[in-house]
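# Per-entry structural report
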Amino acid sequence: MVDKKGKSKSELIRGLHNIRDRHRGNVVTLGSFDGVHLGHQHVINHLIDKSNEYGVPSVVVIFEPQPLEFLAPERAPARLMRFREKVNALFDAGVDRVFCLHFDQYLSALSAEDFCRKVLIDGLGTKYLVVGDDFRFGHDRKGDFEFLCCQGELFDFGVSDTKTHQHSGERVSSTRIRGCLAKGDVEEAGKLLGRPYSMSGRVVYGNQIGRKLGVPTANVGLRRHRTPLSGVFAVKVKLPNSAECFGVANVGVRPSVDGIAKPILEVHLFDFSGNLYGSRIDVEFCQKIRDEKKFESLDILKENIESDIACAKRIFNLS
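Quantities reported herein were computed from a predicted structural model and do not represent experimental measurements.

### Focus on the packing of helix α7 (residues 174-182) against helix α8 (residues 186-193)
- Viewed as axis vectors pointing N to C, α7 and α8 meet at an angle of 160°, and their least axial separation amounts to 7 Å. By the angle between their directions, the pair α7 and α8 is classed as roughly antiparallel. Considering the relative orientation of α7 and α8, their crossing is left-handed. Residue-level contacts link Arg176, Ile177, Cys180 and Leu181 of α7 to Val186, Glu188, Ala189, Leu192 and Leu193 of α8.
- A class-by-class count of the residues in the contact of α7 with α8 yields 7 nonpolar, no polar and 2 charged.

Written as structure tokens, this is what we have:
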């Protein structure tokens with residue numbers, strides 16, 4: 001898709017092998033962009049300004065999996081966003097193209113010089129490069145702002161970095177947001193993100209325990225090994241037809257049911273009837289109600305679920 005200025009819009013490119021001649025000549029930035037938070041948006045705004053100045057597309061280069069997930073998965077933090085959520089958020093922020101590189105042994109061993117030549121020069125034909133204040137790349141993370149400035153002089157592209165974006169006197173970062181979510185402070189996390197924290201996914205079949213207890217739930221497959229938050233929350237849910245419902249959600253490993261290894265998101269929607277199986281929904285976390293707990297029986301679990309529902313309805317002034 002191309003706009004009137006000849007700039008490609010909302011295009012996802014996966015891998016160097018999918019770059020075509022029309023993809024060359026861009027203003028570029030690189031990073032993980034997990035959360036696409038206010039700090040990331042600060043970088044993106046600068047990227048778009050330069051894109052408009054140069055009259056070429058804006059491109060965000062991301063990596064999948066994220067480098068630490070490949071190099072040391074046991075130390076990799078919980079993602080704020082799945083890949084699909086991140087790409088959509090980048091497009092919503094106004095980016096023209098997202099270029100995703102598969103992070104593997106080959107890429108991890110690539111020197112900063114080779115990465116610059118293969119990706120930025122031969123691949124994307126970079127006209128200008130915007131980097132965050134803490135960005136490092138290449139084998140042993142030797143590629144930094146000073147290195148990129150030297151490369152820019154050699155290969156004739158401009159380079160600028162962006163100042164740290166702060167909120168309440170502290171740097172906005174994905175790590176800080178994870179800390180807020182781990183404490184259940186979804187309000188503060190939302191301030192740092194610039195929007196409420198949410199998770200999206202497709203509704204899958206569960207074990208029907210909620211239905212047996214009289215509180216049917218939509219089970220959302222999160223497709224991740226860990227989540228940045230857990231517990232029971234009052235939520236707003238955007239349905240496939242763009243309608244919104246209030247509800248109560250549990251995100252975690254369901255210790256009272258089966259103690260599954262991978263987390264799952266279960267949502268009970270208020271005043272809703274219908275079949276959501278196979279549909280993609282977006283769940284916005286509004287306020288934490290309690291931590292996830294293991295109950296001794298399903299009867300006790302049901303009592304607590306009913307209490308959670310009553311609490312969520314009070315939060316939304318529904319009762």
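After that view of the structure, there is still more to cover.
### Brief notes about the pairing of strand β13 (residues 264-269)
- Most of β13 is tucked away, with 6 of its 6 residues classed as buried.
- Side chains Ile264, Glu266 and His268 of β13 all project onto a buried face; the interleaved residues Leu265, Val267 and Leu269 project onto the opposite face, where all are buried too.
- As paired elements, strand β10 (residues 218-221) and β13 share 4 bridges and run antiparallel to each other. Counted as the bridge partner of Gly221 is Ile264 from β13.
- Alignment of strand β12 (residues 244-252) against β13, held across 6 bridges, turns out to be antiparallel. Counterpart to Val248 in the pairing with β13 is His268.

### Description of the packing of aromatic side chains
- Under the criterion given, the structure shown has 11 aromatic pairs.
- Centre to centre, the rings of Phe135 and Phe137 are 5.7 Å apart; their planes meet at 20°, and the pair counts as stacked. For the pair formed by Phe135 and Phe137, the shared burial category is buried.
- Counting every residue linked through ring pairs, the aromatic cluster contains Phe63, Phe70, Phe103, Phe115, Phe135, Phe137 and Phe147.
- Here the basic side chain of Lys313 rests over the ring of Phe270, its NZ or CZ set 5.1 Å away from the ring centre.

### A few points about the environment of Tyr197
- Structurally, Tyr197 can be placed in the loop between α8 and β9 (198-204).
- For the pair Tyr197 and Ile177, spaced 20 residues apart in the sequence, the C-alpha separation amounts to 9.7 Å.
- Ignoring sequence-local partners within four residues, the contact set of Tyr197 consists of Arg79, Leu80, Leu181, Arg224, Pro228, Leu229, Val283, Glu284 and Phe285.
- Here Leu80 takes part through its backbone oxygen, which lies 2.9 Å from a polar atom of the side chain of Tyr197.

### Overview of the nonpolar core
- Among the nonpolar cores identified, the biggest contains 30 residues, and Leu229, Leu265 and Phe285 are the most heavily contacted of them.
- Looking at this core, the elements with two or more residues in it are α7, α8, β9, β10, β11 (231-238), β12, β13 and β14 (280-290).
- Element by element, the count of residues in this core is highest for α8, at 4 residues.
- If we skip the residues at most four places from it in the chain, Phe285 touches Val186, Tyr197, Ser198, Met199, Leu229, Phe233, Ala234, Val235, Val251 and Leu265.
- Core analysis: the next-biggest nonpolar cluster, separate from the first, contains 27 residues, Ile19, Phe103, Val119 and Leu129 among them.

Criteria and thresholds
Residues numbered from 1 in each chain as written. Predicted model: local features only at pLDDT ≥ 70, side-chain atom pairs only at ≥ 80, totals over all residues. Heavy atoms only, no water. Axes fitted to C-alpha atoms, helices over the stretch in contact; angles between N-to-C directions. Helix = DSSP H or I, 4+ residues; strand = E, 2+ residues; numbered from the N terminus. Parallel < 35°, antiparallel > 145°, perpendicular 65-115°, else oblique. Left-handed = near helix turned anticlockwise from the far one by under 90°. Contact = heavy atoms within 4.5 Å. Nonpolar A, V, L, I, M, F, W, Y, C, P; charged D, E, K, R; others polar. Buried < 20%, exposed > 50% of the residue type's maximum accessible area, 1.4 Å probe, protein only. Pairing = 2+ DSSP bridges. Phe/Tyr/Trp six-rings, centres within 6.5 Å; stacked < 30°, edge-to-face > 60°. Lys NZ or Arg CZ within 6 Å of the ring centre and 35° of its normal. Polar contact = N/O pair within 3.5 Å; in protein donor to acceptor, adjacent residues only side chain to side chain. Core = buried A, V, L, I, M, F, W, Y, C linked by side-chain atoms within 4.5 Å.

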